[in-house]
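Coordinate analysis (summary)
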Amino acid sequence: GYALFKVLQPGKLSDVTSMWETYFKTPELASSMVKLKSFSAFASTTEAVVAATSIIDSTLDKNLKKFLKKNIVSKEIADELAVADIKLGGLIKEKLDIKCVCNDSINELYRGVRSQMDALLGGAESGSLKSMQLGLSHSLSRYKLKFSADKVDIMIVQAIGLLDDLDKE
């Protein structure tokens, strides 16, 4: 799903080299650095794959747009939005007029949040979160490779046929 976190100690973002070890080594430290403000779960794996591919392609998905409007624009929050992709940040700035920031400290912040995601979200079980991540990664890989589980992989069939022909000769 989409999650919106508030950085509780913005001044600490300047120390990129030790941010992960200092503020995200344990769930307690992570909770003192960031706080979950809003979370919107995906309804299905298909919705999650669509959202993930739109983020990878640096496009603004309608559900992300709705989530940002609901949680930032309508509440008239003036803080900067941290984004991992500078192109997506530019698109959000253009379409929704939300100030975005993307730099090395934001990348380290993302790294820390991802490492403590179970504790920061709180509502999901650790095992279910891992299985959802695994399922999404498999679905996303299939989508990116344009792979269909119903189709037979033609290259493998051709290679086996070629090996059979060679064995006959």
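Above this text sits the structure in question.
The written sequence of each chain sets the order in which its residues are numbered from 1. Restriction of local features to residues with pLDDT of at least 70 applies here, the model being predicted, together with a cutoff of 80 or more for giving and counting side-chain atom pairs; totals for whole chains, interfaces and linings are based on all residues. Just so you know, side-chain values use all the structure's heavy atoms and leave hydrogens and water out.

Here we look at the packing of aromatic side chains
Note the cut-off: Geometry of aromatic contacts follows a simple scheme: Phe, Tyr and Trp rings, the Trp one being its six-membered ring, pair when their centres are within 6.5 Å, and the pair is stacked under 30 degrees between planes, edge-to-face over 60, tilted otherwise.
As enumerated under the stated definition, the model contains 2 aromatic pairs in all. Aromatic rings pair up to connect Tyr-2, Phe-42 and Phe-67 into one cluster.

Here we look at a positive patch on the surface
So the rule is basically this: In this scheme, patches are assembled from residues that exceed 30% relative accessible area and form no salt bridge. Like charges are connected within 9 Å, while nonpolar side chains (Val, Leu, Ile, Met, Phe, Trp, Tyr) are connected within 5 Å. Calculation of accessible area relied on Shrake-Rupley with a 1.4 Å probe; when residues are assessed, cover is drawn exclusively from the protein chains displayed. Salt bridges are defined by distance alone: a side-chain nitrogen of Lys or Arg within 4 Å of a carboxyl oxygen of Asp or Glu. Charge assignment in this entry is limited to Lys and Arg as positive and Asp and Glu as negative, and neither His nor the chain termini are counted. Each charge is placed at NZ for Lys, CZ for Arg, CG for Asp and CD for Glu. A run of H or I in DSSP counts as a helix once it spans at least four residues, and a run of E counts as a strand once it spans at least two, with each numbered from the N terminus. Here's how the labels work: a residue is buried when its accessible area is under 20% of the maximum for its type, exposed when over 50%, partly exposed in between, all with a 1.4 Å probe on protein chains only.
Together, Lys-35, Lys-37, Lys-62, Lys-66, Lys-70 and Lys-75 line one region of the surface with positive charge. The element best represented in the positive patch is helix H4 (residues 62-73), accounting for 3 residues. For Lys-66, a relative accessible area of 58% puts it in the exposed group.

Some details on the layout of surface pockets
Just so we agree on the cut-off: A pocket, in this scheme, is an open set of points on a 1 Å grid over the protein atoms alone with protein on both sides within 12 Å along at least 5 of 7 lines, while a cavity is a set where a 1.4 Å probe fits but cannot get out; residues line either one if an atom lies within 4 Å of a point. Grid points are joined across faces, edges and corners, and a volume is the space filled by probe spheres set on the points. Amino acid classes used here: Ala, Val, Leu, Ile, Met, Phe, Trp, Tyr, Cys and Pro are nonpolar; Asp, Glu, Lys and Arg are charged; the rest, including Gly, are polar.
If you add up the space inside the second largest pocket, you get close to 160 Å³. Looking at the lining of the second largest pocket, the elements with two or more residues in it are strand E2 (34-40) and H4. At 5 residues, H4 tops the list of elements feeding residues into the lining of the second largest pocket. By residue class, the composition of the lining of the second largest pocket is 5 nonpolar, 4 polar and 3 charged.

A word on the pattern of salt bridges
Scanning the entire structure with this criterion turns up 3 salt bridges. Among the salt bridges present, the one from Lys-6 reaches Asp-79, with a minimum N-O distance of 3.0 Å. On the criterion of sequence distance, the pair formed by Lys-6 in strand E1 (residues 2-7) and Asp-79 in the loop between H4 and strand E3 (81-82) is long-range, its members being 73 residues apart. Assessed through its relative accessible area of 34%, Lys-6 is described here as partly exposed. The partly exposed category is assigned to Asp-79, whose relative accessible area is 43%. A salt bridge links Lys-93 to Asp-97; its shortest N-O distance comes to 3.2 Å. Judged by its relative accessible area of 40%, Lys-93 is partly exposed.

As for a nonpolar patch on the surface
On the surface, Leu-162, Leu-163 and Leu-166 cluster together into a nonpolar patch covering about 310 Å² of accessible area. Tracing the chain through its elements places Leu-162 in helix H9 (residues 154-168). Since its relative accessible area comes to 52%, Leu-162 is described here as exposed.

Some thoughts on the side chain of Thr-53
Quick reminder of the rule: The contact rule is simple, with two residues in contact once any of their heavy atoms fall within 4.5 Å.
Mapped onto the secondary structure, Thr-53 falls in helix H3 (residues 45-56). A residue is classified by how much of its surface remains accessible, and Thr-53, at 10% relative accessible area, is buried. When residues no more than four places from it in sequence are discounted, the contact partners of Thr-53 are Leu-140 and Tyr-143.

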